[in-house]
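Structural characterization, general
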Amino acid sequence: MTLETSATPATTAPPTREPLVSVIYTSANTVLNDFERVMKLAHFEQHLPKSSETLLKINISWQHYYPGCSTSPWQLDGVISALKNAGYQRLTPVQNGTVVVDSHEGEKGNKHDRVLRKHRLRSVHLQDPDARWVPYAPKGEMLVLHDIFPDGIEIPEMFLGTNIIHLPTLKTHVFTTMTGAMKNAFGGLLNNRRHWTHSVIHETLVDLLRIQQEIHTGIFAVMDGTIAGDGPGPRAMRPHVKNVILASSDQVAIDAVAAKMMGFDPMSIPFIRLAHEHGLGVGNPSEIMVEGLDISDINFGFRGDEDTFASWGQKQIYWGPLHRFEKFLLRTPLVPWSYVASNFYHNWYWYPLFGKRRIAKMMDTEWGRLFKQY
């Protein structure tokens, strides 16, 4: 049986008015109040009905704490506090695992568990055996997911008829140039076969946004750029203190503004352009209203064209000379080789040789000191 939802979608047609993205500067001393302020500037209560349960889609890109890599504890803390102050009562943090990252370990390593204890909340881990995934038949046209999963698409049952708030960080990504609100849905809406979609990742993110707009009663994103990541993200990045935070109900617009701030042309990034062209949000910065900070002259000069040895190898499979062997290498019992290779490269080679030094440098900043306080 394929489930459908009667929930009123957050967005069912191309935006009829100028989308709004709020951007403000912050500091470690004011960041919790500033998250509430940036959310209010983006009118979060208008987009998230209080009658619905509100899911907090946390981002864990690594089980270790690495600055700018995953949802920060102050980001999670500030958003929960803002929601509670506004009268939201049914809040559920959601964690997804990946084939290379265990969300239970990541929740501890990134100190999300301490924030959740403070607020008396408990996460749902979508990788756990008791998390129920159900078939879903999208109402809108899918670009690639029906071809990737001909036996049907499955989504978490708990997502149906809920609000969702995405909690990405401002960073680059080896496969998508940058990663933000739209990419944050990747782990939540696709189960452990999500790596099958990497060769068509841009189209996949557009399909997932369409599904979100069908199943959720409200969609919002709050992005943390207090420490931003440049280079071969989402893990092997160069962290930079940037002291900005962003919020919006338009997932395409917030990613476009973040991309512009990083120094990219948003409409040159395929998933932003495709989502814009399909009426799922606005990706052209000239059509987006930015409230708070004037970003017209901001350019972080980030690079989105760098690879690690691991990501270079993956690209040979997804788009290079090994593409003809993709199904054999990544969709058969041979697939665990790629998990082992990724874990070895990131956890046993890159992290101790390069990552720890960068972490130590960030720990001398106000954000490193704040992290230690959690």
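Structure first, text after, so check above.
The rules behind the values
- Residues numbered from 1 in each chain as written.
- Predicted model: local features only at pLDDT ≥ 70, side-chain atom pairs only at ≥ 80, totals over all residues.
- Heavy atoms only, no water.
- Helix = DSSP H or I, 4+ residues; strand = E, 2+ residues; numbered from the N terminus.
- Buried < 20%, exposed > 50% of the residue type's maximum accessible area, 1.4 Å probe, protein only.
- Contact = heavy atoms within 4.5 Å.
- Areas by Shrake-Rupley, 256 points an atom, 1.4 Å probe, with all protein chains shown as cover.
- Pairing = 2+ DSSP bridges.
- Arc of directions from axis to C-beta.
- Core = buried A, V, L, I, M, F, W, Y, C linked by side-chain atoms within 4.5 Å.
- Axes fitted to C-alpha atoms, helices over the stretch in contact; angles between N-to-C directions.
- Parallel < 35°, antiparallel > 145°, perpendicular 65-115°, else oblique.
- Left-handed = near helix turned anticlockwise from the far one by under 90°.
- Nonpolar A, V, L, I, M, F, W, Y, C, P; charged D, E, K, R; others polar.
- Salt bridge = Lys/Arg side-chain N within 4 Å of Asp/Glu carboxyl O.
- 1 Å grid on protein atoms, 1.4 Å probe; cavity = no way out; pocket = protein on both sides within 12 Å on 5 of 7 lines; lining within 4 Å.
- Points joined across faces, edges and corners; volume = space filled by probe spheres on them.
- Phe/Tyr/Trp six-rings, centres within 6.5 Å; stacked < 30°, edge-to-face > 60°.
- Lys NZ or Arg CZ within 6 Å of the ring centre and 35° of its normal.

As a further point, take the overall build of the chain. In terms of regular secondary structure, the chain is built from 14 helices and 12 strands. Sorting the 374 residues of the chain into buried and exposed places 60% on the buried side. Intrachain contacts of the chain at a sequence separation of at least 6 include 78% that bridge at least 24 residues. Carbon and sulfur atoms make up 51% of the accessible area of the chain, which amounts to about 15,400 Å² in all.

Burial of strand E8 (residues 169-173) is extensive: 5 of the 5 residues sit out of reach of the surface. The alternating pattern of E8 places Thr 169, Lys 171 and His 173 and Leu 170 and Thr 172 on opposite faces, both of which are buried. Here E8 pairs with strand E10 (residues 218-230) via 2 bridges, running parallel. Bridging from a neighbouring strand, Thr 169 pairs with Asp 224 of E10. Linkage of E8 to strand E9 (residues 177-179), two consecutive antiparallel strands, is achieved through a turn of 3 residues.

Every α-helical turn comprises 3.6 residues, leaving residues that sit three or four positions apart pointing alike. Along helix H10 (residues 270-277), the residues that are buried comprise Phe 271, Ile 272, Leu 274 and Ala 275. Across the axial projection of H10, the buried residues extend over an arc of 170 degrees, all falling on one side. Check the buried side of H10 and you find it contacts E9, helix H7 (181-189), helix H8 (201-215) and helix H9 (251-262). Among the residues trailing H10, Gly 279 stands out with phi positive, at a value near 70 degrees.

Most of strand E1 (residues 20-25) sits out of view: 5 of its 6 residues are buried. Relative to strand E12 (residues 289-292), E1 runs parallel, the two sharing 4 bridges. Residue pairing for E12: Val 23 is matched across the bridge by Gly 292. Across 5 bridges, the pairing between E1 and strand E11 (residues 238-248) is antiparallel. In the sheet register, Val 23 faces E11, and the bridge partner there is Leu 246.

For the rest of this paragraph, the subject is the nonpolar core. Counting 61 residues, the largest nonpolar core has Leu 170, Met 178, Leu 246 and Met 261 as its most contacted members. The leading source of residues in this core is H9, at 9 residues. Every residue in contact with Met 261, bar those within four places of it in the chain, is listed here: Val 23, Val 244, Leu 246, Ile 295, Ile 298, Asn 299 and Phe 300. In this structure, Ala 28, Val 79, Met 363 and Trp 367 belong to the second largest nonpolar core, which totals 49 residues.

What follows concerns the packing of helix H1 (residues 31-41) against helix H3 (residues 73-85). Where H1 meets H3, the closest approach of the two axes is 8 Å, and the angle between their N-to-C directions is 60 degrees. Comparing their axes, H3 and H1 come out oblique. Regarding H1 and H3, the two cross each other, and that crossing is right-handed. Counting all contacts with H1, which are made through Val 31, Leu 32, Phe 35, Glu 36 and Met 39, the residues of H3 involved are Trp 74, Gln 75, Asp 77, Gly 78, Val 79, Ala 82, Leu 83 and Asn 85. Residue classes in the contact of H1 with H3 are distributed as 8 nonpolar, 3 polar and 2 charged.

Side-chain pairs of opposite charge can arise whenever the charged atoms involved come near each other. Scanning all chains against the criterion turns up 11 salt bridges. The residue Glu 277 makes a salt bridge to Arg 273 at a minimum N-O spacing of 3.4 Å. Of this pair, Glu 277 and Arg 273 are both found in helix H10, 4 residues apart, which corresponds to roughly one turn of the helix. With a relative accessible area of 29%, Arg 273 lands in the partly exposed category.

Another aspect to go through is empty space enclosed by the protein. Considering all chains together, one arrives at 1 cavity of 30 Å³ or more under this definition. What the largest cavity holds in volume is close to 60 Å³. Forming the boundary of the largest cavity are Tyr 65, Pro 67, Gly 68, Ser 70, Ser 72, Trp 74, Thr 169, Asp 224, Thr 226 and Ile 227. Looking at the lining of the largest cavity, the element that brings in the most residues is E10, giving 3 residues. Looking at the lining of the largest cavity, its residues break down into 4 nonpolar, 5 polar and 1 charged.

A complete count under the given rule lists 12 aromatic pairs for this structure. Judged by centre distance (5.9 Å) and plane angle (50 degrees), the rings of Trp 62 and Tyr 66 are tilted. Look at Trp 62 and Tyr 351: their rings are 5.5 Å apart centre to centre, the planes differ by 75 degrees, and that puts the pair in the edge-to-face class. With a gap of 289 residues between them, Trp 62 in the loop between strand E2 (54-58) and H3 and Tyr 351 in helix H13 (residues 336-362) connect regions that are remote in the sequence. Classification of Trp 62 by relative accessible area gives buried; the value is 0%. Residue placement shows Lys 111 over the ring face of Phe 371; its charged tip is 4.4 Å from the ring centre. The cationic tip of Arg 235 hangs over the ring face of Trp 62; the distance from NZ or CZ to the ring centre is 5.7 Å.

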